[in-house]
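# Breakdown of the fold
The primary structure of each chain is shown beneath.
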Amino acid sequence: MSNKAELDRPWDDNATPTHRSRHPFHLLSAHNLAASYPRTMMLPALAALLAACSLNFAFTEPPAPTTAPPTAPPTLLTTAEATDFQATSLHAEVVSLLDRLAAAHPDRARRASMGRSFEDREIPLLILSDPPVSNAAQARELADSEGRAIVLLFGNIHAGEVDGKEALPILARELLQSNSPLLTKIVLVIAPIYNTDGNEKVGPIDVTRPGQLGPARGAGLRANAQNLDLNRDFIKLTAPETRAMVRFFNEWDPHLVADCHTTNGSRHRHIITYAGPKSPAGDAGVNAYSREVLLPWVERRYEELSNDDATWYGSFGGVFGGGSSDRSLEPNRWETFPPEARFGTTYIGLRGRQSVLVESYSYAPFKDRIFRTRDYCRALIEFAADRGPELRALALAADTRAANRDNSTIALRSTTEAQPYPITIKTFARAEGHGPETADDIRQDRVCLLMDRFAVTHQVEVPEAYAILATDAQVADALERLQLHGIRTETLTAPREVDAEIYTIDSASPASRAFQGHVLINIEATPTRKSITLPIGTRIIPTAQPLGRLAAYMLEPECEDGLTRWNFFDAFLKPGTEFPVIRILR
Ligand SMILES: [Zn+2]
């Protein structure tokens, strides 16, 4: 389908210098390119190369093998398996299956809940660990004592995209049935049916997911019962589902989170595409580890498990409104989506943790999508089992850097730019936009600029703290959100003289149409340095805390996806007035 707002947008970090290309063009490696060209010259040089380098292939690829379901008792089959992949599970069927898995394997599986949906359905969890744990406190104690990583895999945030909902219970069943030693090395939590309410609004697949190859008996709706896209809710936290998820993050503190989708973007021939955290506002170490260590390792392991190859999530240029002034280049640009924290993968990255977007391919058969999602998730947990102490050290280091305010700046706005090395997308000769209408059956391997790096266009120094010069009642919603996110706030018990920067609003430009129940606002503001005395009772948000970068992102008025953009400070945006959130320099 071609509605941009409905498109499952690409999420991506970027290709890695160790990324294996199957194309002869890979001889131009990232290192070679980077060494050969000053950065300012690299992009025009690459663009010229790429424009001359669209290669058609007529070879026949082996069909991607679909792993046969292991022998499982009929009671432990998913609805997809039990219907020969004609149907997907309803909420009650998922809950029942997770109950049966826990009952069949009490030595390694426990049932729990993440919370309740808007229509009051349980968001069920299955916790897998040897020895078993039942809650966050037990999980963290076991993980701390043995150096394990805690991993959350969830599915169905967009409820028409059901592959993760079927794949995750299969993966859990296989781990349990095989008595997998992986469960002695991680604490694994699966949440197969996150958007429970959307799942139950089953309609014909041509209506709920146009073009998607099954399930033939239909699937649910993308939005939750409030008609909200849960994967745009991670800053504003409007939905009870998002609040439940963020509460889970605060209680369990998973080191690795994967979010399973099904993409109906550009036509290509990769059953699985993936992305990691990539916001330049986030911790650089977290972003780099995802790009250079985690995602390449998982891709290689996925290829061994599946005899298939995965690549970075994206769409051909122009689909997401970016692209170049030279339209002829766009089919050679593989573009990611914006790095806004409304997206779960980005948000988790801003919390200093590893996150992976897993996108199966809408135009591949339902059964293949399920088992390839299973394979990719299996590769992720193998990584977590292999690198538990490393993932924990990475998280601790990110927290420490945030608490020490080691990085003195934070990016508030950015623009997409290319990685300094190309990737190869297996696609079709005539695949330029997205949707089934834009491809034919002539296979083509296309060398693309990977447009998933973000150059900072506006950044500020991270202040020592923020203070709110308004009553709690005037900013109640904003304060509530800070607390829900787990950001620590303080209240002054004595007056304090501070060196501060106070923003004066220059302009407030609302978007031309509503989005997710909001009219997003773009602010321009000018800071002025002043010495002021904060009265008793002033709310202070120190940035020297593990979520300090997230706090700054949410509170800076000019941030591309902060609380101001989402209307939390609309009462204070008249041009010429002072913004109530001030920056405490000392
Ligand atoms: Zn999706």
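Read on for an overview of the structure.

Cut-offs used in this document
- Residues numbered from 1 in each chain as written.
- Predicted model: local features only at pLDDT ≥ 70, side-chain atom pairs only at ≥ 80, totals over all residues.
- Heavy atoms only, no water.
- Pairing = 2+ DSSP bridges.
- Helix = DSSP H or I, 4+ residues; strand = E, 2+ residues; numbered from the N terminus.
- Core = buried A, V, L, I, M, F, W, Y, C linked by side-chain atoms within 4.5 Å.
- Buried < 20%, exposed > 50% of the residue type's maximum accessible area, 1.4 Å probe, protein only.
- Expected span 1.5 Å × (residues − 1).
- Arc of directions from axis to C-beta.
- Contact = heavy atoms within 4.5 Å.
- Right-handed = clockwise from strand over helix to strand, strands pointing away.
- Phe/Tyr/Trp six-rings, centres within 6.5 Å; stacked < 30°, edge-to-face > 60°.
- Lys NZ or Arg CZ within 6 Å of the ring centre and 35° of its normal.
- Axes fitted to C-alpha atoms, helices over the stretch in contact; angles between N-to-C directions.
- Parallel < 35°, antiparallel > 145°, perpendicular 65-115°, else oblique.
- Nonpolar A, V, L, I, M, F, W, Y, C, P; charged D, E, K, R; others polar.

### Details of the sheet that holds strand β11 (residues 354-361)
Taken in spatial order, the 8 strands of this open sheet run β2-β3-β5-β4-β6-β11-β7-β8, and their pairing is mixed. Either end of the sheet is taken by a strand with one partner, and the two such strands are β2 (109-116) and β8 (311-312). Across 6 bridges, the pairing between strand β4 (residues 149-155) and strand β5 (residues 186-191) is parallel. Residue pairing in the sheet places Ile150 in a bridge with Val187 of β5.

### A closer look at the nonpolar core
Met114, Leu152, Phe249, Trp252 and Phe569 are the most contacted members of the largest nonpolar core, which has 71 residues in total. Ala149, Leu176, Val358 and Tyr376 belong to the second-largest nonpolar core, a separate cluster that totals 60 residues.

### Things to note about helix α13 (residues 388-404)
Over its 17 residues, α13 extends 24 Å from the first C-alpha to the last, a length consistent with the 24 Å expected when each residue adds 1.5 Å. Every buried residue belonging to α13 is among Gly388, Leu391, Arg392, Leu394, Ala395, Ala398, Asp399 and Ala402, and all of these are buried. Projected down its long axis, α13 shows its buried positions confined to an angular sector of 160 degrees, all on one face. Exposed and facing more than 90 degrees away from the buried side of α13 are Pro389 and Leu396. Among the structural elements, α5 (136-146), β4, α10 (284-306), β11 and α12 (366-386) are those in contact with the buried residues of α13. Among the residues trailing α13, Arg405 stands out with phi positive, at a value near 55 degrees.

### Remarks on the pairing of β4
Most of β4 is tucked away, with 7 of its 7 residues classed as buried. Neither face of β4 is exposed, since Ala149, Val151, Leu153 and Gly155 on one face and Ile150, Leu152 and Phe154 on the opposite face are all buried. With helix α6 (residues 163-177) bridging β4 and its parallel neighbour β5, the resulting β-α-β unit is right-handed. Sheet topology note: the β4/strand β6 (residues 256-263) ladder contains 5 bridges and is parallel. Residue pairing in the sheet places Leu153 in a bridge with Ala258 of β6.

### With respect to the packing of aromatic side chains
Scanning the model with the defined rule gives 16 aromatic pairs in all. Look at Phe85 and Phe371: their rings are 5.9 Å apart centre to centre, the planes differ by 65 degrees, and that puts the pair in the edge-to-face class. In this pair, Phe85 is assigned in the loop between α3 (79-82) and α4 (91-104) and Phe371 in helix α12, connecting sequence segments 286 residues apart. In this structure, Phe85 and Phe371 share a single accessibility class: buried. Members of the aromatic cluster, joined through ring pairs, are Tyr274, Tyr302, Trp312 and Tyr376. If you follow Lys278 out to its NZ or CZ, it ends over the ring of Phe337, 3.0 Å from the centre. Lying across the ring of Phe316, Arg446 places its NZ or CZ 4.7 Å from the centre.

### Comments concerning the packing of α5 against helix α9 (residues 240-252)
For the pair α5 and α9, the least separation of the axes is 9 Å and the interaxial angle reads 40 degrees. With respect to each other, α5 and α9 are oriented oblique. The residues of α9 that touch α5, namely those facing Ala136, Ala139 and Arg140, are Asn250, Glu251 and Trp252. Among the residues making up the contact of α5 with α9, the classes are represented as 3 nonpolar, 1 polar and 2 charged.

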